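Understanding the architecture of this molecule
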Amino acid sequence: ALRRIVSFVMRVAARRADALAFARAVARRPRASLDRLRRPRFGARATETRAKKKGLLGDLLNVARDRARDEATWYNGRAPLRPGTYAPQKTVPASIEPQPPYARDGHLPEYDDGVVQVQTTAADVEGMRRAGRLAAEVLDMAEKMITPGTTTTNDIDEAVHAMTIAAGAYPSPLNYGGFPKSVCTSLNECICHGIPDDTVILDGDIINIDVTVYLNGYHGDTSRTIMVGNVTEEVRRLVETTERALDAAIAICKPGTPVRKIGATIHQIADDAKFGVVDKFVGHGVGKVFHSGPTVRHHRNNDPGTLRVGQTFTIEPMLTIGTTRDKMWKDGWTSVTADGKWTAQCEHTLLVTETGVDVLTASPYRASLSEA
């Protein structure tokens, strides 16, 4: 027994020595190389800075942490994401009216899967079209502003906030259940709900930008995953398959379509491409209320319900290269893949018509690229 204990301690010591050697090698790197490590600048919100634990159990925990930081374990040569430093939460002028009910106190509105939002008047339909169009334009602006190696996710938040306010709208994510920013920015292995901070977006990254605006009492909700610079073929295939799955799901929607058929359509495309489908996060009804029924699952399911004329809702599939399991950060919002492999999402707000659906958040920028 003593021999086994000695052997175990020696293995731990060897791993700690390897980790120390790696740390020293990192310390000798030039600044340009260090930028790849995604170490957030230190500040009040650099919450992941921790002291080394002591004792035998502490040694084991430290070895596991050091292994997680070893470049050999990183997907695509990227260090795992870490929380960065947040800029102060922005405010919305009182002149922007109306504002959603959670804007002042930050409460999380109750979600009622039984409430389906149907636009019954021409004014309602036009209100949704305007909100969707603005959301699409804001997202286009956010995509075009990214400069690899320079732009931070907080830069995107500032630009989205400013453009939304300038249009007379409220950025729907802000203070929704206490969410501190005006947009969600989800890099690489972040599935969704990433909080903008001082993390720099690098060449080869992918980033999902999720924009929702509240204009004249209506929410328009959209997102897409943007490939930044030169991405790998596997990552490109992930993003393109996610977009194709969303397009295929939209194509089957019309009055009477079972809601569960949306998930079956997406899941089949993901299966064929050998990607996973996240089942924890779903599409939803949207309109005068940010989130409502129906719950739109993106995987195979047996949920009841069919689409009806005038109904407004989102489809927003999330596909993964590896596991579909997630880890939630301490902020209570940021969801990352458990294995660190990358994930993509895209989303549109849809209006059910007599013959199919209208995509209310169609991108003018992407349309212009297709026509070119």
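Residues numbered from 1 in each chain as written. Predicted model: local features only at pLDDT ≥ 70, side-chain atom pairs only at ≥ 80, totals over all residues. Heavy atoms only, no water.

Considerations on helix α7 (residues 260-273)
We count it as follows: Secondary structure elements follow DSSP: runs of H or I of four or more residues count as helices, runs of E of two or more count as strands, with numbering from the N terminus. Here, expected helix span is obtained from the residue count minus one, scaled by 1.5 Å. Partly exposed residues are those whose accessible area sits between 20% and 50% of the maximum for their type, while under 20% is buried and over 50% is exposed, using a 1.4 Å probe and protein chains only. In what follows, residue pairs with any heavy atoms lying within 4.5 Å of each other are defined as contacts.
Taking 1.5 Å per residue as the helical rise, α7 with its 14 residues ought to reach 20 Å, and the 21 Å between its terminal C-alpha atoms agrees with that figure. Considered for burial, the residues of α7 that qualify are Ile262, Gly263, Thr265, Ile266, His267, Ile269, Ala270 and Ala273. Packing partners of the buried residues in α7 comprise α6 (233-251), β6 (276-277), β8 (292-296), β9 (312-315) and β10 (318-320). In the stretch just after α7, Lys274 is the one whose phi turns positive, near 65 degrees.

A look at the sheet that holds strand β11 (residues 326-328)
Sheets are built from strands that pair by backbone hydrogen bonding, the pairs being arranged parallel or antiparallel. As a reminder of what qualifies: If DSSP finds at least two bridges between two strands, the strands pair. To obtain an axis, a line is fitted to C-alpha atoms, over the contacting stretch when the element is a helix, and the angle between two such axes runs from 0 to 180 degrees between their N-to-C directions.
On the basis of which strands lie adjacent, the open sheet formed by three strands has the order β3-β12-β11 and antiparallel pairing. Among the strands making up the open sheet, the edge pair consists of β3 (190-192) and β11. Averaged over all neighbouring strand pairs, the angle between strand axes comes to 40 degrees, with direction disregarded. Two strands pair when backbone bridges link them, and β11 and strand β12 (residues 335-337) are joined in this way by three bridges, in the antiparallel orientation. Bridging across to β12, Asp326 finds its partner in Thr337.

Looking at the sheet that holds strand β13 (residues 343-345)
The strand order β6-β10-β13 describes an open sheet built from three strands, whose pairing is antiparallel. Strands at the two margins of the open sheet, each flanked by one partner only, are β6 and β13. Here β10 pairs with β13 via three bridges, running antiparallel. Across the sheet, Met318 pairs through a bridge with Gln345, a residue of β13. Where α6 meets the sheet, it contacts β10 and β13, and its direction lies at approximately 30 degrees from that of β13.

Points about unusual backbone geometry
Note: most residues except glycine have negative phi, and most peptide bonds are trans. Across the junction of Glu97 and Pro98, the peptide omega takes the value -10 degrees, indicating a cis bond. Topologically, Pro98 is positioned in the loop between α3 (55-69) and α4 (122-144). Residue Gly293 is joined to Pro294 through a cis peptide bond whose omega torsion reads 5 degrees. Even without a glycine there, the phi angle at Asn76 is positive, about 65 degrees.

Focus: the pairing of β9
What you see with β9 is no split at all: Thr312 and Thr314 on one side and Phe313 and Ile315 on the other are buried throughout. Judged from the four bridges that link them, β9 and strand β14 (residues 348-352) form a sheet pairing that is antiparallel. What sits directly across from Phe313, in β14, is Leu350.

Considerations on empty space enclosed by the protein
Inclusion rule: Within this scheme a cavity is a closed region of a 1 Å grid, computed over the protein atoms alone, that accommodates a 1.4 Å probe without allowing it to escape, whereas a pocket is open but has protein on both sides within 12 Å along at least five of seven lines; lining residues each have an atom within 4 Å of a point. Grid points are joined across faces, edges and corners, and a volume is the space filled by probe spheres set on the points. Each residue gets one of three labels, nonpolar for Ala, Val, Leu, Ile, Met, Phe, Trp, Tyr, Cys and Pro, charged for Asp, Glu, Lys and Arg, and polar for the others, Gly among them.
A complete count under the given rule lists three cavities of 30 Å³ or more for this structure. By volume, the largest cavity is sized at about 140 Å³. Taken together, 16 residues line the largest cavity, and the ones lying closest to its centre are Thr185, Ile195, Asp197, Thr199 and Trp329. Considering each element in turn, the lining of the largest cavity owes the most residues, three residues, to strand β2 (residues 184-187). Partitioning the lining of the largest cavity into residue classes produces seven nonpolar, six polar and three charged.

A look at the layout of surface pockets
Taken as a whole, the second largest pocket spans an internal volume of roughly 650 Å³. Lining the second largest pocket are 26 residues; nearest its centre among them are Tyr176, His193, Phe281, His291 and Trp333. For the lining of the second largest pocket, the elements supplying multiple residues, two or more each, are β4 (206-215) and β7 (283-285).

Here's the deal with the side chain of Thr320
For Thr320, the position within the fold is in strand β10. Thr320 sits in the buried class, given a relative accessible area of 0%. Those residues in contact with Thr320, other than ones at most four positions away along the chain, are Leu238, Phe275, Gly276, Val278, Thr337, Trp342 and Thr343.

Describing the environment of Ile321
On the secondary structure map, Ile321 appears in the loop between β10 and β11. Using a relative accessible area of 13% as the deciding quantity, one classes Ile321 as buried. Between the C-alpha atoms of Ile321 and Trp342, which are 21 residues apart in sequence, the distance is 5.9 Å.

Let's talk about the pattern of salt bridges
Let me state the cut-off plainly: A side-chain nitrogen of Lys or Arg and a carboxyl oxygen of Asp or Glu constitute a salt bridge if their distance falls within 4 Å.
In the structure shown here, the tally under the stated rule is 12 salt bridges. With a closest N to O distance of 3.2 Å, Arg130 and Glu126 form a salt bridge. Residue Arg130 and its partner Glu126 are located together in helix α4, separated by four residues, close to a single helical turn. Members of the salt-bridge network, linked through shared partners, are Asp140, Glu143, Arg224, Glu243 and Arg366.

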